[in-house]
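# Residue-level structure breakdown
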Amino acid sequence: MRDYWVSKLFFDSQSPPLAEEYRAGRKKVLDRYPLKPEVRAAVESDDVAYLSALVNPYLLRFYFLTAGMPEEDFLRRIRATAAPPATKAAHG
Amino acid sequence: MAELAGVYAASHGPMIVRNWEKLAPAEKDSLTSAFSELGNRIRAARPEALIVISPDHWVNFFIDNLPAICVGVGEAHEGPPEPWLKAFPHRSLRGHLALAEHIVRTAIERDFEPSVSYRLALDHGFCIPLWKTGVDPLLPIVPVLFNDLEPPYPSVRRCFDWGTMLAAAVASYPGYLRVAILATGGLSHSIGEPTMGRIDEAFDRECIRCFERGNPHALIDFLNERLPGAGNGASEVRNWVAAHGAARGRGFELIRYDPIPDVYVGCGFASWNIS
């Protein structure tokens, strides 16, 4: 399931003029998108894990690249969303 | 009647360009020689037009209108919009209108339902292979976009059938024309997922063996089982499957396979045995 408006924000942010405006000040750009309050909060706090459940993974990656998050930071955050390995069942 | 002059595949990972300066010399050599060999083979086949099969990386389409497959029927298409591809030497790429229209007609006659676009922006999926193979001047192209990025994807079998149809369209084209097909993307990679950066080398090597052996049924069965676990970028192997269909499943010759962590991609290059 995709969240349309945050997907639209991420899609639009590929436009260099919008990306520049966004980096200069997010609030003005975010006000143009009818994001749900919890989704807007996740965008404002760079909550990669929360947003990863709402958008296409490529758009997620493009957005954080555009927003200026260093690649290593993004990799660390997205990898942390992996489900923990199942613990071994006890035998005996 | 046109002639299918060659069928090829190449990876197109953005980091081939974006991260070029950070790649190890051996990795640069590997990619350079692979693209160069591919370019040599394309030139040797003397095509006059090129059908390029690649995904759209959220450039032309969005989730409010996302075609499974789109054929570019314009007289010209725009060059790559990615800011990091400014060095790509073409802002406009010439389309082959007559061939594109014939492909669409053939598709409809054979019960396929392509969408069409009269002006596409061709992103790195098209432009990195076109650039790095060094085929100059650029050939007029027919871009064919497969949705490899956002489910629901076209089925692997449907992609094979698309390739078969493309070969039939070339064969029935009214007029002499040498046409090559270039499928881009793959092999395994993972973008924006928890496994981002992982290359599934075991998948890639078995996938390559399936393409080499030819047998379309075995290839399709393998991909139906293993594609979902090889990273979201591996979905682009669908484009290679279409090339396989165009080559009538006759198997390909691997030019190079190199899993390069700094590119995030199991990089593959191949040409099919069509003679």
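Just so it is clear, the structure is predicted and the values come from calculations on it, not from any experiment.

### Describing the pairing of strand S7 (residues 141-146) of chain B
All names here are of chain B. Of all the six residues making up S7, six are buried; the element is thus mostly covered by neighbouring parts of the structure. Across the two faces of S7 the burial is the same, with Ile141, Pro143 and Leu145 and Val142, Val144 and Phe146 all buried. Pairing geometry for strand S2 (residues 49-55) and S7, over six bridges, is parallel. Bridge assignment links Ile51 to a residue of S7, and that residue is Val142.

### Some thoughts on the nonpolar core
Of all hydrophobic cores here, the largest spans 83 residues; its most connected members are Leu166(B), Ile181(B), Ala242(B) and Ala243(B). With nine residues, helix H5 (residues 156-171) of chain B is the largest single contributor of residues to this core. When sequence neighbours within four positions are dropped, the list of residues in contact with Ile181(B) reads Val7(B), Ile51(B), Ile53(B), Leu166(B), Ala243(B) and Ala246(B). Residues Leu9(A), Val48(A), Val59(B) and Ile191(B) belong to the second largest nonpolar core, which totals 22 residues.

### Regarding the confidence of the model for chain A
Across chain A, pLDDT averages 92, with 91% of residues at or above 70. This stretch, residues 88-92 of chain A, has a pLDDT under 50; its non-local contacts, to residues over four places away or in other chains, come to zero contacts.

### Considering the sheet that holds strand S3 (residues 69-72) of chain B
Residues and elements named next belong to chain B. The mixed open sheet is built from eight strands, whose spatial order is S6-S3-S7-S2-S8-S1-S10-S9. The sheet is open, and its two edges are formed by strand S6 (115-117) and strand S9 (252-260), each paired on a single side. In this sheet, neighbouring strand axes are inclined to one another by 20° on average, regardless of whether the strands run parallel or antiparallel. Strand direction decides the pairing type here: S3 and S7, joined by three bridges, are antiparallel. Bridging from a neighbouring strand, Ile69 pairs with Phe146 of S7. Here helix H8 (residues 237-246) sits on the sheet and contacts strand S1 (3-10), S2, S7, strand S8 (178-184) and strand S10 (265-272); the angle it forms with S8, its principal contact strand, is near 150°.

### Here we look at unusual backbone geometry
All names here are of chain B. Residue Pro151 is joined to Pro152 through a cis peptide bond whose omega torsion reads 5°. Take Pro152: it is sitting in the loop between S7 and H5. The residue after Gly186, namely Leu187, is reached through a cis peptide bond having omega -5°. You will see that Asp111, though not glycine, has its phi angle at about 70°, which is positive. By the secondary structure assignment, Asp111 is in the loop between helix H3 (97-109) and S6.

### Section: the environment of Asn224(B)
Residues and elements named next belong to chain B. With respect to the helices and strands, Asn224 occurs in helix H7 (residues 216-226). Taking the number of C-beta atoms within 10 Å as the measure of exposure, Asn224 has 12 and is therefore exposed. Spatially, the C-alpha atom of Asn224 lies 23 Å from that of Pro114, the residues being 110 residues apart in sequence.

What counts, and where the lines are drawn
- Residues numbered from 1 in each chain as written.
- Chains lettered and ligands numbered in written order.
- Predicted model: local features only at pLDDT ≥ 70, side-chain atom pairs only at ≥ 80, totals over all residues.
- Buried ≥ 20, exposed ≤ 12 C-beta atoms within 10 Å, placed from the backbone.
- Helix = DSSP H or I, 4+ residues; strand = E, 2+ residues; numbered from the N terminus.
- Pairing = 2+ DSSP bridges.
- Core = buried A, V, L, I, M, F, W, Y, C linked by C-beta atoms within 7 Å.
- Contact = placed C-beta atoms within 7 Å.
- pLDDT = per-residue confidence, 0-100.
- Axes fitted to C-alpha atoms, helices over the stretch in contact; angles between N-to-C directions.

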